[in-house]
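So the chains spell out like this:
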There are 2 protein chains.
Amino acid sequence: MSPQQPMTAPTLDEVAVAAGVSRSTASRAINGGEKVSPEAQAAVDAAVARLGYTPNRAARSLVTRRTGSIALVIPEPDGRVLADPFLAGTLRGMSQALEPTDLQLVLLIDRPGHHSDRIVRYLRGGHVDGAIIASHHAGDDLEVAVRGLPAVFIGRPYVATEGILYVDVDNVAGSRMAAERLVAAGRRRIATITGPSDMGVAQDRVEGWRAALTAAGLDADLSADGDFTLTGGALAMQDLLARDPEIDGVFAASDLMAQGAMRVLQTAGRSVPRDVSVVGFDDLGIAASTAPALTTIRNPVEEMVRTAADVLLDDLEGRGRATRPVLFSAQLVERASV
Amino acid sequence: MSPQQPMTAPTLDEVAVAAGVSRSTASRAINGGEKVSPEAQAAVDAAVARLGYTPNRAARSLVTRRTGSIALVIPEPDGRVLADPFLAGTLRGMSQALEPTDLQLVLLIDRPGHHSDRIVRYLRGGHVDGAIIASHHAGDDLEVAVRGLPAVFIGRPYVATEGILYVDVDNVAGSRMAAERLVAAGRRRIATITGPSDMGVAQDRVEGWRAALTAAGLDADLSADGDFTLTGGALAMQDLLARDPEIDGVFAASDLMAQGAMRVLQTAGRSVPRDVSVVGFDDLGIAASTAPALTTIRNPVEEMVRTAADVLLDDLEGRGRATRPVLFSAQLVERASV
DNA sequence: TTGTACGCGTTATCAC
DNA sequence: GTGATAACGCGTACAA
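Residues numbered from 1 in each chain as written. Chains lettered and ligands numbered in written order. Predicted model: local features only at pLDDT ≥ 70, side-chain atom pairs only at ≥ 80, totals over all residues. Heavy atoms only, no water.

An unreviewed UniProt entry lists chain A under the name LacI family transcriptional regulator, with Luteimicrobium subarcticum given as the organism.

Set out below in structure tokens:
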């Protein structure tokens, strides 16, 4: 007879019996092994391996008063643009960061029109030990929702509430580099296509663009909202072109929008980069695959997410709580669109 | 004094006291309300609302012997192509399907080189009530892992084990339509770029292509593996072109690969669709945005995922278990690449 | 219809 | 270093 897999999962008691120790000792041996003799430890380890024991999360949670799971709040990707590199990178980073832990990842996807009520309730309902907020807009109540809950934002929150933790790329410096690159290329009429104005990240990227232009003595009046989507970028480019056909440089606050803008430019008979130079933001894959390939600012999403997770874990484990935001430096990636 | 939020979440006992009933009555009123008087029900409802009571999942799981969460197993997206529309669509569909439930979504992302050991262990460890497997390859042990666990595959499993449930698009019919469209366009030398040969979906798409060509009296010898990635598609196209420069039609088993193939064709001086017609598979966003826009076969990912979730939920709720695969019909989307 | 009592599997407290 | 024992919050027979 081959060893049958029992229908019911092995319990701590069974492990204890198999190891010839008490349940308490078995428990201690399994959790860190403090105050347990080498022999007992070995016996328990063997029993665990032989029985294929896995702690019952529910029972453990009940007594530790921790859920053993942390939330990842992400925005609903735009309905038309299913392929969202930022989302994919975020998931991947979180998954990696949590792998050594036995923490579960609870995905909270924000559906449009729901005012994120559901998410706020969930967060406040004590269902998770902590949260990572991957993107948030003004007025979505997320800062409030995480009050009293260990949380880290990815991307600067819209309002700079005291004590809110976040990791971000240095958007101001990055977009300044982008605009400076356009200036250095001899461009004089430089527009920007922005993200949603109710997002801190989008604000910062406008600011950097404006600073560079002002410093170069250029007008910083050509700005249009592109919503971080492909079609949004295209629409914004059309608008800009109508406002000033003499545009010779464009900084788009995301590569997706830059891609949409380039298409509109090319359709309008402008060659990139001969007539118009374009710089994007993100470098999450599509920048390398556009025609021409896009000069852009690298956004280290996965590193940011892993860092956010580490900060959160430190807080959870009581290893001390970070007190200030973490900023990753931006980096210009030269390609063919300037 | 405004009502202070107590540090500790309200318990069922407190609800019962507040409602003036016993804890069992409160419990019944909350879970479905069988055998409970209207007055008691109203009192409990009021108390729940006033106290902001949320059942403790851990305690509930402990006694119901259900974890209250289901797993979504997805493959690691290719390192270079972070933007995977299939992944995004899958997540979105699952999230929607689970929203009315109080089930949690546990994301199991397959990291390359791990032989999915971790995932198999997790699945067998009794941590979830059921599982949806979004993609799987031959030899990843996932069919074994879900033995005895309610599970639904998205996309036909590599080996057709008896009793394994799955939902899929009719890949054979779809790819046959794709190839027939190329034949109808007058193409005579028609190649295919396939997905990984260890995936059932990829096999089926080759089969449909072959069937259409054979029926038309054409050779079905030009096939190259593209791995479902952009660069994979490009490499495969180079290979095909080297094997036969006279190629005038290409069916790629995914839009991403079709995009890569089109680039290679254009670089090689072939105009699409004047010299070579191209048909893709998926229509998940990128097909509409390539140049020229891609004629393709629609892959109803979100519908499939929602269906898979519904099938799984039916099983979990004991509402009867589906006994056979669900096939969605394929649909040709005409654009400009043929 | 309502209430009482028990057990789910684990960790934590305390004597030993 | 070890082992009883008491919670943790909930669902549910079973008795009333």
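### Let's talk about the UniProt feature "domain: HTH lacI-type" (unreviewed entry) in chain A
In the numbering used here, UniProt assigns the feature "domain: HTH lacI-type" (unreviewed entry) to residues 10–64 of chain A. Here residues 10–64 of chain A runs as 69% helix and 0% strand, with 20 Å between its end C-alpha atoms. (UniProt positions renumbered as here; feature names shortened; annotations may be inferred. Helix = DSSP H or I, 4+ residues; strand = E, 2+ residues; numbered from the N terminus.)

### Looking at the domain arrangement of chain A
Taken domain by domain, chain A comprises domain 1 (12–64), domain 2 (69–169 + 302–329) and domain 3 (171–299). Put simply, the middle of domain 1 of chain A and the middle of domain 2 of chain A, counted by C-alpha atoms, are 34 Å apart. (Domains from an automatic or database assignment.)

### Some thoughts on the interface of chain A and chain B
Chain A puts 40 residues into the contact, and the matching count from chain B is 40 residues. Across the interface of chain A and chain B, roughly 3400 Å² is buried in total on both sides, 58% from carbon and sulfur atoms. For the pair chain A and chain B, the number of links is zero salt bridges. In this assembly, chain A and chain B are joined by four residue pairs in polar contact (both at pLDDT 80 or more). (Contact = heavy atoms within 4.5 Å. Buried area = accessible area lost by both parts, 1.4 Å probe. Salt bridge = Lys/Arg side-chain N within 4 Å of Asp/Glu carboxyl O. Polar contact = N/O pair within 3.5 Å; in protein donor to acceptor, adjacent residues only side chain to side chain.)

### Regarding helix H10 (residues 230–243) of chain B
Residues and elements named next belong to chain B. The terminal C-alpha atoms of H10 lie 20 Å apart, and with 14 residues this matches the ideal 20 Å at 1.5 Å per residue to within 8%. When H10 is considered as a whole, its buried residues turn out to be Leu230, Gly232, Gly233, Ala234, Ala236, Met237, Leu240 and Leu241. On its buried side, H10 packs onto strand S6 (190–194), strand S7 (223–225), strand S8 (249–252) and helix H11 (255–267). Put simply, Thr229 is the residue that caps the front of H10, since its side-chain oxygen is 2.9 Å from the backbone nitrogen of Gly232. (Expected span 1.5 Å × (residues − 1). Buried < 20%, exposed > 50% of the residue type's maximum accessible area, 1.4 Å probe, protein only.)

### Section: the environment of Ala178 of chain B
Residues and elements named next belong to chain B. In this fold, Ala178 is placed in helix H8 (residues 171–184). Along the backbone, Ala178 and Val276 are 98 residues apart, and their C-alpha atoms lie at a distance of 14 Å. Setting aside its immediate chain neighbours within four residues, Ala178 contacts Phe251, Val279 and Ile297.

### Digging into the packing of aromatic side chains
Aromatic rings in a pair are described by how distant their centres are and how their planes are angled relative to each other. A complete count under the given rule lists two aromatic pairs over all chains for this structure. Its end group placed over the ring of Phe281 of chain A, Arg205 of chain A keeps NZ or CZ at 3.8 Å from the ring centre. (Phe/Tyr/Trp six-rings, centres within 6.5 Å; stacked < 30°, edge-to-face > 60°. Lys NZ or Arg CZ within 6 Å of the ring centre and 35° of its normal.)

### Focus: the relation of the copies chain A and chain B
Related by rotation about an axis and a shift along that axis, the two copies of the chain form a pair. Turning chain A through 180° and shifting it by 0.0 Å along the axis lays it on chain B, with an RMSD of 0.1 Å. The operation mapping one copy onto its partner corresponds to a two-fold rotation axis. The rotation axis passes nearest to the C-alpha of Ala58 of chain A in chain A, at a distance of 2.2 Å. Interface overlap between copies is the fraction of interface residues in one copy that are interface residues in the other; for chain A against chain B it reaches 98%, indicating a shared surface. (Least-squares fit on C-alpha atoms with pLDDT ≥ 70 in both.)

### What to know about the protein's contact with DNA strand D
Of all residues adjacent to DNA strand D, which total 25 residues, the nearest are Arg28 and Arg65 of chain A together with Leu12, Arg23 and Tyr53 of chain B. Backbone atoms, meaning sugar plus phosphate, form 58% of the atoms of DNA strand D positioned within 4 Å of the protein. For DNA strand D, a base oxygen lies 2.2 Å from a polar atom in the side chain of Arg23 of chain B. Of all the secondary-structure elements, those providing two or more residues to the surface near DNA strand D are helix H2 (23–30) and helix H4 (57–64) of chain A together with helix H2 (23–30) and helix H4 (57–64) of chain B. (Near = heavy atom within 4 Å.)

### Here's the deal with the sheet that holds S7 of chain B
All names here are of chain B. Spatial strand order, S7-S6-S8-S9: four strands in an open sheet with parallel pairing. Strands at the two margins of the open sheet, each flanked by one partner only, are S7 and strand S9 (277–279). On average, adjacent strands in this sheet sit at an angle of 20° to one another, irrespective of strand direction. Relative to S8, S6 runs parallel, the two being bridged by four bridges. Note that in S8 the partner of Ile190 across the bridge is Gly249. (Pairing = 2+ DSSP bridges. Axes fitted to C-alpha atoms, helices over the stretch in contact; angles between N-to-C directions.)

### What about unusual backbone geometry?
When glycine is set aside, most residues are seen to have a negative phi, and most peptide bonds are trans. A cis geometry characterises the amide bond from Val272 of chain A onward to Pro273 of chain A, with omega recorded as 10°. The phi torsion at Asp227 of chain B lies on the positive side, around 70°, for a residue other than glycine. As for its placement among the helices and strands, Asp227 of chain B is situated in the loop between S7 and H10. With relative accessibility at 46%, the residue Asp227 of chain B sits in the partly exposed group.

### So, the pairing of S8 of chain B
Residue and element names in this part refer to chain B. Burial along S8 is two-sided: the residues Gly249 and Phe251 and Val250 and Ala252 are all buried. Relative to S9, S8 runs parallel, the two being bridged by three bridges. Looking at S9, one finds that Val250 is bridged to Val278. A crossover connection joins S8 to the parallel S9 through H11; in handedness this β-α-β unit is right-handed. (Right-handed = clockwise from strand over helix to strand, strands pointing away.)

### Looking at the packing of helix H5 (residues 85–98) of chain A against helix H12 (residues 301–316) of chain A
Helix-helix packing: each pair is described by the crossing angle between the helix axes and the interaxial distance. Residue and element names in this part refer to chain A. It is the contact of H5 with H12, at a shortest axis distance of 8 Å, that shows an interaxial angle of 40°. In this view, H5 runs oblique relative to H12, as classed from their interaxial angle. Considering the relative orientation of H5 and H12, their crossing is right-handed. From H5, Phe86, Gly89, Thr90, Arg92, Gly93, Met94, Gln96 and Ala97 reach across to H12, where they touch Val301, Glu302, Val305, Arg306, Ala309 and Leu313. Along the lines of polarity and charge, the residues of the contact of H5 with H12 split into seven nonpolar, four polar and three charged. (Parallel < 35°, antiparallel > 145°, perpendicular 65-115°, else oblique. Left-handed = near helix turned anticlockwise from the far one by under 90°. Nonpolar A, V, L, I, M, F, W, Y, C, P; charged D, E, K, R; others polar.)

### A word on the environment of Leu182 of chain A
Residue and element names in this part refer to chain A. In this fold, Leu182 is placed in helix H8 (residues 171–184). Among the residues examined, Leu182 registers a relative accessible area of 0% and is labelled buried. Along the backbone, Leu182 and Asp13 are 169 residues apart, and their C-alpha atoms lie at a distance of 69 Å. In contact with Leu182, not counting residues within four places along its chain, are Arg187, Ile190, Gly249, Val250, Phe251, Ser277, Val278 and Val279.

### Observations regarding the sheet that holds strand S8 (residues 249–252) of chain A
Within a sheet, each strand pairs with its neighbour through backbone hydrogen bonds, oriented either parallel or antiparallel. Residue and element names in this part refer to chain A. Ordered by their spatial adjacency, four strands build an open sheet running S7-S6-S8-S9, and the pairing between neighbours is parallel. Both outer strands of the open sheet, strand S7 (223–225) and strand S9 (277–279), are each paired with one neighbouring strand and no more. Going across the sheet, the axis of each strand differs from the next one's by a mean of 20°, ignoring polarity. Contacts from helix H10 (residues 230–243) reach strand S6 (190–194), S7 and S8 within the one sheet, and its direction differs from that of S7 by about 150°.

### Looking at the pattern of salt bridges
Residue and element names in this part refer to chain A. All told, the structure shown has 24 salt bridges over all chains when counted by the stated rule. Between Asp275 and Arg274 there is a salt bridge whose closest N-O contact spans 3.6 Å. Looking at Arg274, the relative accessible area reads 64%, which means it is exposed. A salt bridge links Arg335 to Asp283; its shortest N-O distance comes to 3.0 Å. Of this pair, Arg335 sits in the segment after strand S12 (331–333) while Asp283 sits in the loop between S9 and strand S10 (296–298), and the two are 52 residues apart along the sequence. Note on Arg335: relative accessible area 27%, which makes it partly exposed. On the accessibility criterion, Asp283 (18% relative accessible area) is buried. Within this structure, Arg92, Glu302 and Arg306 form a network of salt bridges that share partners.

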